[in-house]
Amino acid sequence: MNCQLEIKQVPFMGTNLVAARDNDGHIWAAVRWMCDGIGLSSGQTKAERLRIQGDKVLSKGGRNLVLPTKGGNQETLCLKLDFIPLWLVKISITPNMAAETPELAAALEQYQLRAKDVLAAAFLPISTVPDIGELSPELRLLINMELKQKQQQRDIEAVNQRLDDIKDVVALSPNSWRPEARGLIVRIARQMGGNEFIREVQAEIFKLVDKRAGVSLETRLTNKRRRMAEEGVCKSKRDRLNKANVIGDDRKLIEIYVAIVKEMAVKYGVTDKKGAVC
């Protein structure tokens, strides 16, 4: 049967995929070339081959065909055209994958969306290229189930990441409040657009402390400077005082300040730990 294969190299996203049409008109795509095109490592490619062979459904659409390679004609695992979307959607694009290897994640997404149609178009007239709606009801159900499962996994991972971030915020301690709060304030400012918003964030926090504690930090700051002047403290040192120094004199104000910083961090979705400044 192999001698009757119509074999083609199909250009797709800067590389060539290898596909073949058998005597019955079925189109088969070589798994190895698709893995290479996506950017999977040799280890990941091997894992995908094993997954196809061990999967109850995918194994029904896989077979070894003799195809030309750089080392001559060799048996190569191929996947029937209709099974390609199901296989590709089983390859997860995790948040870590998207962050650490964005090119691979982007390529995989394009393969998931377009590879089947491109391969089909290489052998069939455009008017006869099937879409996912023309697959068997069983395959459509499996693909939709897989898509829902992947979305659920991404949602769970996003929630877990959010909980980790909130845990970091909640860990802000009244005993080391100044450097930790400063780090969160910088990160909040960057979420708002940049370090130029630091003063604005700090001013908003001080305003909320005044309101929640029923005090005037400005008045307390003035009184503190006056007392220091009476004690003979030099003017330069008095001028360096700010509202954070006033807060540091009162344990209750510290707790209120820390609580407000935490609330603002959660509100602005501070998640970029790399941006922390302590």
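Quick notes on the rules
Residues numbered from 1 in each chain as written. Predicted model: local features only at pLDDT ≥ 70, side-chain atom pairs only at ≥ 80, totals over all residues. Heavy atoms only, no water. Pairing = 2+ DSSP bridges. Helix = DSSP H or I, 4+ residues; strand = E, 2+ residues; numbered from the N terminus. Axes fitted to C-alpha atoms, helices over the stretch in contact; angles between N-to-C directions. Core = buried A, V, L, I, M, F, W, Y, C linked by side-chain atoms within 4.5 Å. Buried < 20%, exposed > 50% of the residue type's maximum accessible area, 1.4 Å probe, protein only. Contact = heavy atoms within 4.5 Å. Polar contact = N/O pair within 3.5 Å; in protein donor to acceptor, adjacent residues only side chain to side chain. pLDDT = per-residue confidence, 0-100.

Asker: Hey, could you run me through the sheet that holds strand β3 (residues 27-30) in this one?
Answerer: Sheets are built from strands paired through backbone hydrogen bonds, the pairs being either parallel or antiparallel. Spatially, β1-β2-β3-β5-β4 is the arrangement adopted by the 5 strands of the open sheet, whose pairing is antiparallel. At either end of the open sheet lies a strand with only one pairing partner, and these are β1 (6-12) and β4 (62-69). Averaged over neighbouring strand pairs, the angle between their axes works out to 40 degrees when direction is ignored. Relative to strand β2 (residues 15-21), β1 runs antiparallel, the two being bridged by 7 bridges.

Asker: In this structure, what is going on with the nonpolar core? I would like to understand it.
Answerer: Most often, soluble globular proteins keep nonpolar side chains buried together rather than apart. Judged by nonpolar contacts, the single largest core of 30 residues is most densely connected at Met34, Ile84, Trp87, Leu88, Tyr111 and Leu119. Elements represented by at least two residues in this core include exactly β1, β2, β3, α1 (31-38), β5 (72-80), α3 (84-89) and α5 (102-123). The element best represented in this core is α5, accounting for 7 residues. Excluding residues within four positions of it along the chain, Met34 makes contact with Leu17, Ala29, Ile84, Trp87, Tyr111 and Leu119. Ala181, Val186, Ala189 and Ile198 belong to the second largest nonpolar core, which has 29 residues in total.

Asker: Even after reading the chapter, I still don't get the environment of Lys237, so can you show me in this structure?
Answerer: With respect to the helices, strands and loops of the structure, Lys237 is situated in helix α10 (residues 235-239). A relative accessible area of 46% means that Lys237 is categorised as partly exposed. The spatial distance from the C-alpha of Lys237 to the C-alpha of Arg225 is 9.3 Å, given a sequence separation of 12 residues.

Asker: Mind showing me how you'd approach the environment of Arg212 here?
Answerer: Among the structural elements, Arg212 can be located in helix α8 (residues 198-213). Look past the residues within four positions of Arg212 in its chain and what remains in contact with it is Ile256, Ala259, Ile260 and Glu263. Polar contacts involving the side chain of Arg212 include one to the side chain of Glu263, which spans 3.1 Å.

Asker: Sorry if this is basic, but what is going on with unusual backbone geometry here?
Answerer: Excluding glycine, a negative phi dihedral is what most residues carry, and trans is how most peptide bonds are arranged. One non-glycine residue, Met13, lies in the positive phi region at around 55 degrees. Here Met13 shows up in the loop between β1 and β2.

Asker: Whenever I open this one, the confidence of the model for the chain confuses me. Can you help?
Answerer: Reading predicted coordinates in detail is not appropriate for stretches of low pLDDT. Residues at a pLDDT of 70 or more form 76% of the chain, whose mean pLDDT is 80. Put simply, helix α6 (residues 137-170) is where the chain has its lowest mean pLDDT, 59, and β3 is where it has its highest, 93. Here residues 126-130 is modelled with pLDDT under 50, and outside its nearest four sequence neighbours on either side it reaches 9 contacts, counting other chains as well. For residues 272-278, every residue scores under 50 in pLDDT, and the model assigns this stretch 15 contacts once sequence neighbours within four places are set aside.

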